[in-house]
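Secondary and tertiary structure notes
Each chain, written out:
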Amino acid sequence: MTDEKKDATMRTEEYKLEAVSELRFEVETGSDASVQLDLLEGMAEVFGAELTKGRQITFEEGAKVAVFTWHEVLLLACLDLSHLAGKTEVAYIAKETPMVMYINTHAALEQMRQKAEKEKTRGPRVMVVGPTDVGKSTLCRLLLNYAARLGRAPIFVDLDVGQGDISIPGTLGSIVVERPSDIEEGYNLNAPVVFHFGSSSPSHNTQLFKLLVSKMADTVNQKCDQSKKCCSSGVIINTGGWVRGAGYDMLKHIAGCFEVDVIIVLDQERLYNELKRDMPDFVEVLLLPKSGGVVERNSSVRADDRDLKVREYFYGLRKDNKDSFYPHPLHISFNDVKIYKIGAPALPDSCLPLGMKSQDNMLKLVPVSPSNGLLHHVLSISMATSMEDNILESNILGHVVITGVDMEKQMFTALSPSAVTPPRNIWLMSEIQFMDID
Ligand SMILES: Nc1ncnc2c1ncn2[C@@H]1O[C@H](COP(=O)(O)OP(=O)(O)OP(=O)(O)O)[C@@H](O)[C@H]1O
């Protein structure tokens, strides 16, 4: 679209928000629509991160946003209406929000941190649970941002392998949050710990998921041993929306591994009562309502969101219709990398060697021969240097996507964030695929 045509579809509107209310809006996925926001007067925040006067914030496609204020505020929003034909309600102000309850929860956690600091013990370890689309990731962000604004350095553990905030889908990650996340760019991803899982649902390989959760808990404990500040600031754990049957057992496993002392259940009384019944007495289980602003996503929107996340990893954020990163096509000989996937197809126990169970297969590294079957798959580059290392539990250095397989020349082409060939040659195949059509 030309700039002139675009200008014709832009509408600038002023919004006056009363105290304890929020402006909510969505930017469509699959379009180049955007919303620009200016703070004119007062103080406001987006999921706990403060807006700054004079800094225009751009929200790109797919963003679902609430600009909240504790006081009165004046905002200027420039909405791109070119892709919203037929929609009358692009943005609206909501006065009913659960923010007072959320900030009270933060205040209670802060008291626990102060106590931990004084007594040189651990700060609160909080797990946020609930079904899909209740605002779990958003509440984690809010609690982390509020803690960071008070000078704390909590550890954020994201176990949502479908829609996580630390790395791309199919991974588990953790970071130390020392400053509030940037409204446009998200968390500061300095030295993250990232493990390869390889699928967007824990049910795909529950043994592997459990193993990685235990390993993540070990790394968090190590971090707490090294840093008093992290230790007293505590841990905030985001989980996926799988809360029934084996998904519920998984939540209990997570709670046990991380020795959580607070569980926040969003919007589901049944889950709250089950956890109240099954958790030891020292675990505080809280039920909080979800915000009316949380946007429900069907499976196709979720798939689009996952795609956007992978795209963002390689191309960075889109600003003014331009990408911030420039990924490179790498040409790599079949002989220079060893590709594995985790988990072999289940065999009946009777076909297995004596003493081995079919579930042991799910933690097996299975070599993947080069073929067109690898096309578009995301691969994680393991930090492991040899097969003697514990590859399953090794941190991930980064990711590539296979964009070409030349069987004649025995070469792969891989999309990579860097022009340099990755320094490690053990690559793990993910079920997640990405079509690089830019
Ligand atoms: N108050 C709000 N107003 C507008 N949008 C919101 C609000 N709170 C959350 N959202 C948006 O709703 C979407 C879903 O929220 P979120 O990702 O936190 O839910 P979730 O429970 O973690 O989802 P999942 O099922 O993937 O685990 C996000 O895009 C988020 O930005």
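Residues numbered from 1 in each chain as written. Predicted model: local features only at pLDDT ≥ 70, side-chain atom pairs only at ≥ 80, totals over all residues. Heavy atoms only, no water.

**A closer look at the packing of aromatic side chains**
We apply this condition: Pairing of aromatic rings covers Phe, Tyr and Trp, the last through its six-membered ring, and needs centres within 6.5 Å; plane angles under 30 degrees mean stacked, over 60 mean edge-to-face, and all others mean tilted. Put simply, DSSP marks the helices as runs of H or I at least four residues long and the strands as runs of E at least two long, and each gets a number from the N terminus on. Burial classes follow relative accessibility: with a 1.4 Å probe on protein chains only, a residue under 20% of its type's maximum area counts as buried, one over 50% as exposed, and anything between as partly exposed. A ring is considered to have a charge above it if a Lys NZ or an Arg CZ atom is located within 6 Å of its centre and within 35 degrees of its normal.
For the coordinates displayed, the defined rule picks out seven aromatic pairs. Each ring, one from F197 and one from F209, has its centre 5.5 Å from the other, and the planes form 85 degrees; the classification is edge-to-face. Of this pair, F197 sits in the loop between β13 (193–196) and α4 (206–226) while F209 sits in helix α4, and the two are 12 residues apart along the sequence. Like F209, F197 is buried. A connected cluster of aromatic rings, assembled from ring pairs, spans Y313, F314 and F434. Across the ring face of Y187, the terminal group of R141 is positioned such that the distance to the ring centre comes to 4.5 Å. Sitting above the plane of the Y315 ring, R311 keeps its charged end 4.6 Å from the centroid.

**A few points about the domain arrangement of the protein**
For clarity, the cut-off: Residue ranges assigned to each domain were obtained from an automatic or database domain assignment. Accessible surface is computed with a 1.4 Å probe, and the buried area is the amount of it that two parts give up when combined, taken over both parts together. Put simply, a salt bridge is a Lys or Arg side-chain nitrogen that is within 4 Å of an Asp or Glu carboxyl oxygen.
Along its sequence, the protein is carved into domain 1 (3–97), domain 2 (99–288) and domain 3 (328–433). For domain 1 versus domain 2, the distance between C-alpha centres works out to 29 Å. Here domain 1 and domain 2 share an interface that buries about 1300 Å² over both sides, 60% of which is from carbon and sulfur atoms. The interface formed by domain 1 and domain 2 contains four salt bridges.

**What about the pairing of strand β7 (residues 64–69)?**
What counts here: In short, DSSP must find at least two bridges between two strands for them to pair.
Of all six residues in β7, five are buried, a share of seventy percent or more. Where strand β4 (residues 45–46) and β7 come together, two bridges link them in antiparallel fashion. Note that in β7 the partner of E45 across the bridge is F68.

**As for the site of the ligand**
As a reminder, the rule being used: It suffices for a single heavy atom of a residue to lie within 4 Å of a molecule or strand for the residue to be listed as near it. Pairing of N or O atoms within 3.5 Å defines a polar contact, subject to two protein rules: one partner must be a possible hydrogen donor and the other a possible acceptor, and residues neighboring in sequence count only if both atoms are side-chain atoms. In the scheme used here, Gly and all other residues not listed as nonpolar or charged are polar, with Ala, Val, Leu, Ile, Met, Phe, Trp, Tyr, Cys and Pro taken as nonpolar and Asp, Glu, Lys and Arg as charged.
Taken together, 21 residues sit near the ligand, with K64, D133, S137, T138 and R302 positioned nearest. Between an oxygen atom of the ligand and a side-chain N or O atom of S137, the distance comes to 2.8 Å. D160 places a side-chain nitrogen or oxygen 3.1 Å from an oxygen atom of the ligand. Secondary structure elements with two or more residues in the shell around the ligand: β2 (21–26), β7 and α3 (136–149). Within the shell around the ligand, the residues separate by chemical class into six nonpolar, seven polar and eight charged. Counting contributing residues, the shell around the ligand receives three or more from each of domain 1 (3–97) and domain 2 (99–288).

**Considering the nonpolar core**
The condition that has to hold: In plain words, nonpolar cores are sets of buried Ala, Val, Leu, Ile, Met, Phe, Trp, Tyr and Cys residues tied together by side-chain atoms within 4.5 Å.
Core analysis: the largest hydrophobic core is formed by 45 residues, its most contacted members being I254, F258 and I263. If you count residues domain by domain, this core takes at least three from each of domain 2 (99–288) and domain 3 (328–433). Grouped together as the second largest cluster of nonpolar side chains are 26 residues, V126, L144, I236 and L288 included.

**Side note on the state of the cysteines**
Heads up, the rule is: Two cysteine sulfurs form a disulfide in these notes if their separation is within 2.5 Å.
This structure, assessed with the given rule, holds zero disulfides. The structure places no disulfide on C140, whose sulfur is separated from the nearest cysteine sulfur, that of C224, by 16 Å. By relative accessible area, which is 0% here, C140 ends up buried. You can see C230 has no disulfide; the closest cysteine sulfur is in C224, sitting 6.5 Å from it. With relative accessibility at 3%, the residue C230 sits in the buried group.

**Brief notes about unusual backbone geometry**
Trans peptide bonds make up most of the peptide bonds, and negative phi angles are found at most residues other than glycine. For K120, which is not glycine, the phi dihedral falls at a positive 55 degrees. Examined against the element boundaries, K120 turns out to sit in the loop between α2 (99–119) and β10 (125–129). In this structure, A191 takes a positive phi of about 50 degrees despite not being glycine. For A191, the location among the structural elements is in the loop between β12 (171–176) and β13.

**Quick look at the pairing of strand β25 (residues 426–433)**
In terms of residue burial, β25 counts as a mostly covered element, since six of its eight residues are buried. Where strand β22 (residues 377–382) meets β25, four bridges bridge the pair, whose relative direction is antiparallel. Of the residues in β25, the one forming a bridge with I381 is W427.

**Comments concerning the packing of α2 against α3**
Rules: Structural elements are reduced to axes, namely lines fitted to C-alpha atoms, with helices fitted over the stretch in contact, and the angle between N-to-C directions of any two is expressed from 0 to 180 degrees. Oblique is the label for any angle not covered by the other classes, which are roughly parallel (under 35 degrees), roughly antiparallel (over 145) and roughly perpendicular (65 to 115). By definition, any crossing whose near helix is turned counterclockwise from its far helix by less than a right angle is left-handed, and any crossing with a clockwise turn is right-handed. In this analysis, two residues are considered to be in contact whenever any of their non-hydrogen atoms come within 4.5 Å of each other.
Relative to each other, α2 and α3 sit at 50 degrees, their axes nearing to 10 Å. Overall, the two elements α2 and α3 adopt an arrangement that is oblique. Every pair of crossing elements has a handedness; the one defined by α2 and α3 is right-handed. Note on element contacts: α3 touches α2 through L139, L142, L143, Y146 and A147, opposite M99, Y102, I103, H106, L109 and R113.

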